[in-house]
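Remarks on the overall topology
Spelled out from the first residue to the last, the chains are:
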Amino acid sequence: LATLVSVVSFLVMLYLFFTSIELMSAAFRMSGRGLAEQLLNTASDPIAGLLIGFLATSLLQSSSTTTTIVVGLVASDALTIQLAVPIIMGANIGTTTTNTVVSMGYVTRLAEFERAFAASTVHDFFNLIAACAILPVEMLFHPVERSAVFLQSVFAGAGGMSLASPLKIIVRPLSDVVAGLIPSTFPLLVIALALLFVALRGMMKIMQGAVLERMGGLFDRVLFRNDAASFSLGMVTTAAVQSSSATTSLVVPLAGTGVLTLRQIFPYTLGANVGTTITAILASFSTASPAAVVVAFAHLTFNVLAIAVFYPLKAIPLWLAEKIGSLAARTKASS
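The residue numbering used here restarts from 1 in each chain and proceeds along that chain's sequence as written. With the structure being a predicted model, the display of local features is reserved for residues of pLDDT at least 70 and the display and counting of side-chain atom pairs for 80 or more, all residues being used for whole-chain, interface and lining totals. Calculation of side-chain values draws on the structure's entire complement of heavy atoms; hydrogens and water are dropped beforehand.

This part is about the overall build of the protein chain. Helix and strand definitions here come from DSSP, where helices need a minimum of 4 consecutive H or I residues and strands a minimum of 2 consecutive E residues; each element is numbered from the N-terminal end. Secondary structure assignment for the protein chain yields 16 helices and zero strands. Sorting the 335 residues of the protein chain into buried and exposed places 52% on the buried side. Only the protein chains shown count as cover for residues, and all accessible areas are computed by the Shrake-Rupley method using a 1.4 Å probe. By element, 70% of the accessible surface of the protein chain is carried by carbon and sulfur atoms, the whole surface being about 14,000 Å². Relative accessibility under 20% of the residue-type maximum defines a buried residue, over 50% an exposed one, and the middle range a partly exposed one, all with a 1.4 Å probe and only protein chains included.

In structure tokens:
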């Protein structure tokens, strides 16, 4: 009975956790979507496009939303493919900010904070390194755009499709009620953050008890047993819920409490990078614009190219994440 209560309590905390992330997204969208669209329209060169993609996604808290807006702008000839590709690279970086916010829930426990902060930033470092390395090559030789054009030709004539997110179906009713009662950005953001920390604290207590002992083996020996399993889980889960912010944020508490290691989480975040591209690809099919489909596939080809190049060099983002986690913990300890 005690185990059943713990499992039910964990599921309730998990629901509140996802609801808090949806509320944060709603708060940012209240003031951010119009600004994000204006930002995307002002891209004048690839470097500016990269920065604008980062800022727009940080505002929207969704790389899928940013990419979908870019697809629409390209379809309406308001943006060129050459400028859209670096914007998408920047969107990959901007989507990781939610993870860092989640890691702050462990700031009062230094050992857990160090692990959680490292887990939240390994995704940042990989995306940042990949974008900075591939952008100059793309500007000169356009490998991402060329690959995307080829994929567009393969899928030419594909009809419009849509994919419902089960996560949004579950959490939207509560988040819509709260957002409707508090139609103001700052108070809604405060409530979202408070709910996030309550959910994290509840999950942390439950995971440190009997549930952790029973589920540790499931995560370690089944779901994250090797890189291929971790990558596949991240890709499939993110494609299903259509939110890399949600799926990558979910593993931060697992790292903080010691259930998963940074090495196990890394390939999961790479899978999330690939899985998050499905939304824009499906949206592009409904535009009947070849250029829009190219842009959507560019998001996929960029992530695949980044993984092909930098997965063998994974020691670099892992080392950087460990160092920044250690630095953050030491800074907190000395303050």
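Let's pick the thread back up.
Before going further, it helps to spend a moment on unusual backbone geometry. A positive phi angle, near 55°, is found at H142, a position not held by glycine. Position of H142 among the secondary structure elements: in the loop between helix 6 (110-141) and helix 7 (143-154).

This part is about the environment of F125. Structurally, F125 is set in helix 6. Distance from F125 to T96, taken between C-alpha atoms, is 9.6 Å for residues 29 residues apart in sequence. Note on contacts: a residue pair qualifies if any of its non-hydrogen atoms lie within 4.5 Å across the two residues. Residue contacts for F125: discarding those within four places in its chain leaves P317, L320, A321 and I324.

Another aspect to go through is the nonpolar core. What we call a nonpolar core is a set of buried Ala, Val, Leu, Ile, Met, Phe, Trp, Tyr and Cys residues that are connected through their side-chain atoms within 4.5 Å. In this structure, L79, M89 and V295 are the most contacted members of the largest nonpolar core, which totals 59 residues. Ranked by residues supplied to this core, first place goes to helix 15 (residues 290-310) with twelve residues. Counting residues in each nonpolar core, the second largest holds 31 residues, with M24, V102, Y106 and L200 among its members.

Our next topic: the environment of A306. Looking at where A306 falls in the secondary structure, it is placed in helix 15. Take A306: its relative accessible area is 1%, and that puts it in the buried class. Residues A306 and A133 lie 173 residues apart in sequence; the distance between their C-alpha atoms is 9.0 Å. Those residues within four positions of A306 in sequence are excluded, and the remaining contacts are F126, A130, I134 and Y311.

Assignment of secondary structure puts N92 in helix 4 (residues 81-94). For this analysis, a polar contact is any N or O atom pair within 3.5 Å, provided that within protein one partner can donate a hydrogen and the other can accept it, and provided that sequence-adjacent residues contribute only side-chain to side-chain pairs. Here the side chain of N92 touches N303 through a polar contact of 2.4 Å, side chain to side chain. Ignoring sequence-local partners within four residues, the contact set of N92 consists of N127, N273, H299, F302 and N303.

Bringing the pattern of salt bridges into the picture now. Within this document, salt bridges are pairs made up of a side-chain nitrogen of Lys or Arg and a carboxyl oxygen of Asp or Glu, the two lying within 4 Å of each other. Throughout the structure, instances matching the rule amount to two salt bridges. Put simply, E112 and R109 hold a salt bridge, and the shortest N to O gap is 4.0 Å. Looking at E112, the relative accessible area reads 9%, which means it is buried. For R109, a relative accessible area of 32% puts it in the partly exposed group. In this structure, D227 and R263 form a salt bridge, with 3.0 Å as the shortest nitrogen-oxygen distance. Of this pair, D227 sits in helix 11 (residues 227-241) while R263 sits in helix 13 (residues 262-275); the two residues are 36 residues apart in sequence, bridging distant segments of the chain. For R263, a relative accessible area of 35% translates into the label partly exposed.

This part takes up the environment of T65. In this structure, T65 sits in helix 3 (residues 63-75). On the basis of relative accessibility, which here comes to 21%, the residue T65 falls in the partly exposed class. Spatially, the C-alpha atom of T65 lies 9.5 Å from that of S243, the residues being 178 residues apart in sequence.

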